[in-house]
Amino acid sequence: MIRLPSGLRCRQSSRQTLLHWGREAFYTSVLPNLLVPEILQAIRESSAPVLYICNVMTQPGETTGFTVSDHLQAIIDHVGPGFVNFVLANNGTPRPEVLAQYAKVHAYPVRIDRAKVNDLGAVLIEADLLGIEKGAAQDNDVLANKIVQIHNLLKANIPPDALESYLRRSH
């Protein structure tokens, strides 16, 4: 794995590469990486599919009220359309006491709006990424396994329509 600045990751194998990033403060960590011309150029010149991992919760003052498509639209607004191929979004529900704590600071689960994500040209992949703790962030092991699963599916010789249909199903 090649480590790039602030959470950008590039997983390489002999047959396929998958670039994935996300899970951090959207406007102060995720987007700034894409505004570095050399990074953006390298990603654009790569044939690697791009996977954006959407945060579980909104961030007060930064992504208040954002849906999954709002995150994707902000990426498009900054780097152009067609950049993100896949969006991985959590469809699990944090524990009630976790939701109550976050609500005190006006942070809520990022709502999944499937049709709008699809309209923006990315394949939405939904999964419960919270693990057994059901906290407010992705469980690292669950997330890593999901990324590996997506990577392996992309490497497989599966017709694109069948692969897209499979990835769009909630898991």
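Calculation rules
Residues numbered from 1 in each chain as written. Predicted model: local features only at pLDDT ≥ 70, side-chain atom pairs only at ≥ 80, totals over all residues. Heavy atoms only, no water. Helix = DSSP H or I, 4+ residues; strand = E, 2+ residues; numbered from the N terminus. Buried < 20%, exposed > 50% of the residue type's maximum accessible area, 1.4 Å probe, protein only. Contact = heavy atoms within 4.5 Å. Pairing = 2+ DSSP bridges. pLDDT = per-residue confidence, 0-100. Salt bridge = Lys/Arg side-chain N within 4 Å of Asp/Glu carboxyl O.

1. What about the overall build of the chain?
Right, so step 1: When you go through the chain residue by residue, the secondary structure sums to 7 helices and 6 strands.
Right, so step 2: Relative to its full complement of 171 residues, the chain shows a buried share of 47%.
Right, so step 3: Within the chain, residue pairs in contact and separated by at least 24 positions form 73% of the contacts whose partners lie at least 6 positions apart.

2. A look at the pairing of strand β4 (residues 50-53)
A regular strand places its side chains so that they alternate between the two faces of the sheet.
Right, so step 1: Residues Val50 and Tyr52 of β4 are buried on one face, and the alternating residues Leu51 and Ile53, pointing to the opposite face, are buried as well.
Right, so step 2: One ladder, built from 4 bridges, connects strand β3 (residues 17-22) with β4; its direction is parallel. Counterpart to Leu19 in the pairing with β4 is Val50.
Right, so step 3: Sheet topology places β4 next to strand β5 (residues 86-90); 3 bridges connect them, and they run parallel.

3. Concerning unusual backbone geometry
Right, so step 1: A positive phi is found at Arg23, a non-glycine position, where the angle reads about 70°.
Right, so step 2: Counting through the fold element by element, Arg23 comes out in the loop between β3 and α1 (26-34).
Right, so step 3: On the basis of relative accessible area, Arg23 is assigned to the partly exposed category, the value being 32%.
Right, so step 4: One non-glycine residue, His106, lies in the positive phi region at around 65°.
Right, so step 5: Within the element layout of this structure, His106 appears in the loop between α4 (96-103) and α5 (114-119).

4. Describing the confidence of the model for the chain
Right, so step 1: Per-residue confidence for the chain averages 88 on the pLDDT scale, and 89% of its residues sit at or above 70.
Right, so step 2: Note on residues 10-15: pLDDT is under 50 here. Beyond four places in sequence and across chains, it has 17 contacts.

5. Some details on the pattern of salt bridges
Right, so step 1: According to the stated counting rule, one finds 3 salt bridges in the structure shown.
Right, so step 2: For Arg95, the salt bridge goes to Glu97, with nearest N and O atoms at 2.7 Å.
Right, so step 3: A salt bridge links Asp128 to Lys134; the shortest N-O distance between them is 2.3 Å.
Right, so step 4: Residue Asp128 is classed as partly exposed on the basis of its relative accessible area, which comes to 30%.

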